[in-house]
Amino acid sequence: MAIGIVSVLLIVMGLISAGVGALVARHALRAAHRTHHRTVSLSPATLDGWDAWFLDGFSALTAGIRWLSALGVWLGWTVAGAGLMWLGLRLLQHG
């Protein structure tokens, strides 16, 4: 009986972990988009020529890095959740 409860808790924790990962990644992507959009909207107004080009390029590079980090966070949380669910299922099968 206790093994069944623990396995169900592990599965639920895995589902929660995957959900948290999706929420954190969505928040990070929105923040990256807002920051990039704000920087790009400021660059033509304050700079011209090569300065605006460099600012736009580095802003896009920063946004890309933030997208990759959000992907890594989502992947980490999802893998952790899948591991917990796998462990819960294994415990349920052996118990």
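Preceding this section is the structure that the text describes.
Here's a quick rundown of the structure. Quick caveat: nothing in here was measured; it's all calculated off a predicted structure.

Comments concerning the overall build of the chain
Then, number 1: On a plain count of helices and strands, the chain comes out with two helices and zero strands.
Then, number 2: Rg of the C-alpha trace for the chain: 21 Å, well past the compact-globule value of 12 Å for 95 residues, more than 25% over.
Then, number 3: By principal-axis analysis of the C-alpha atoms, the chain measures approximately 70 × 15 × 10 Å.
Then, number 4: The burial tally for the chain puts 16% of its 95 residues in the buried class.

Some details on a nonpolar patch on the surface
Then, number 1: On the surface, W53, F54, F58, L61 and I65 cluster together into a nonpolar patch covering about 570 Å² of accessible area.
Then, number 2: Checked against the element boundaries, W53 lands in helix 2 (residues 50-94).

Things to note about a positive patch on the surface
Then, number 1: A contiguous patch of positive charge on the surface is contributed by R26, R30, R34, R38 and R66.
Then, number 2: In terms of residue count, helix 1 (residues 2-46) provides more of the positive patch than any other element does, four residues in total.
Then, number 3: Within the secondary structure, R34 is located in helix 1.
Then, number 4: For R34, a relative accessible area of 46% corresponds to the partly exposed category.

Here's the deal with the environment of H36
Then, number 1: Counting through the fold element by element, H36 comes out in helix 1.
Then, number 2: Each C-alpha atom, one on H36 and one on W74, is 20 Å from the other, the two residues being 38 residues apart in sequence.
Then, number 3: When sequence neighbours within four positions are dropped, the list of residues in contact with H36 reads D56, S59, A60 and A63.

Thoughts on the side chain of S59
Then, number 1: Relative to the assigned elements, S59 resides in helix 2.
Then, number 2: Non-local contacts of S59, meaning those with residues more than four positions away in its chain, are made with H36, T39 and V40.

Details of the environment of V24
Then, number 1: Here V24 shows up in helix 1.
Then, number 2: Since its relative accessible area comes to 36%, V24 is described here as partly exposed.
Then, number 3: C-alpha separation for the pair V24 and A70, spaced 46 residues apart in sequence, amounts to 7.7 Å.

Remarks on the side chain of S7
Then, number 1: Mapped onto the elements of the fold, S7 is located in helix 1.
Then, number 2: Within the local environment of S7, its side chain forms a polar contact with the backbone oxygen of G4, the two atoms lying 2.8 Å apart.
Then, number 3: When neighbours within four sequence positions are excluded, S7 is seen to be in contact with G88, L91 and L92.

The rules behind these values
Residue indices follow the written sequence of each chain, beginning from 1 at its first position. Per-residue local features of the predicted model are confined to residues with pLDDT of at least 70, and side-chain atom pairs are confined, for both listing and counting, to 80 or more; whole-chain, interface and lining totals are unaffected and use all residues. With hydrogens and water excluded, all non-hydrogen atoms of the structure serve as input to the side-chain values. Here a strand is any run of E in DSSP of at least two residues, a helix any run of H or I of at least four, and the numbering for each starts at the N terminus. A radius of gyration in this sense is built from C-alpha atoms; the matching globule rule multiplies 2.2 Å by the number of residues raised to 0.38. Relative accessible area decides the class of each residue, using a 1.4 Å probe on protein chains only: under 20% of the type maximum gives buried, over 50% gives exposed, and in between gives partly exposed. The patch calculation keeps residues exceeding 30% relative accessible area without a salt bridge and links them within 9 Å when they carry like charges or within 5 Å when they are nonpolar (Val, Leu, Ile, Met, Phe, Trp, Tyr). Areas reported as accessible are Shrake-Rupley estimates using a 1.4 Å probe. Residue values count occlusion only from the protein chains shown. Counted as salt bridges are all cases of a side-chain nitrogen of Lys or Arg within 4 Å of a carboxyl oxygen of Asp or Glu. Positive charges come from Lys and Arg, negative ones from Asp and Glu, while His and the chain ends are left out of the count. Here the site of a charge means atom NZ of a Lys, CZ of an Arg, CG of an Asp or CD of a Glu. Contacts: residue pairs with any heavy atoms within 4.5 Å of one another. By the criterion applied in these results, polar contacts are pairs of N or O atoms within 3.5 Å in which, for protein atoms, one can donate a hydrogen and the other can accept it, and in which residues neighboring in sequence qualify only through two side-chain atoms.

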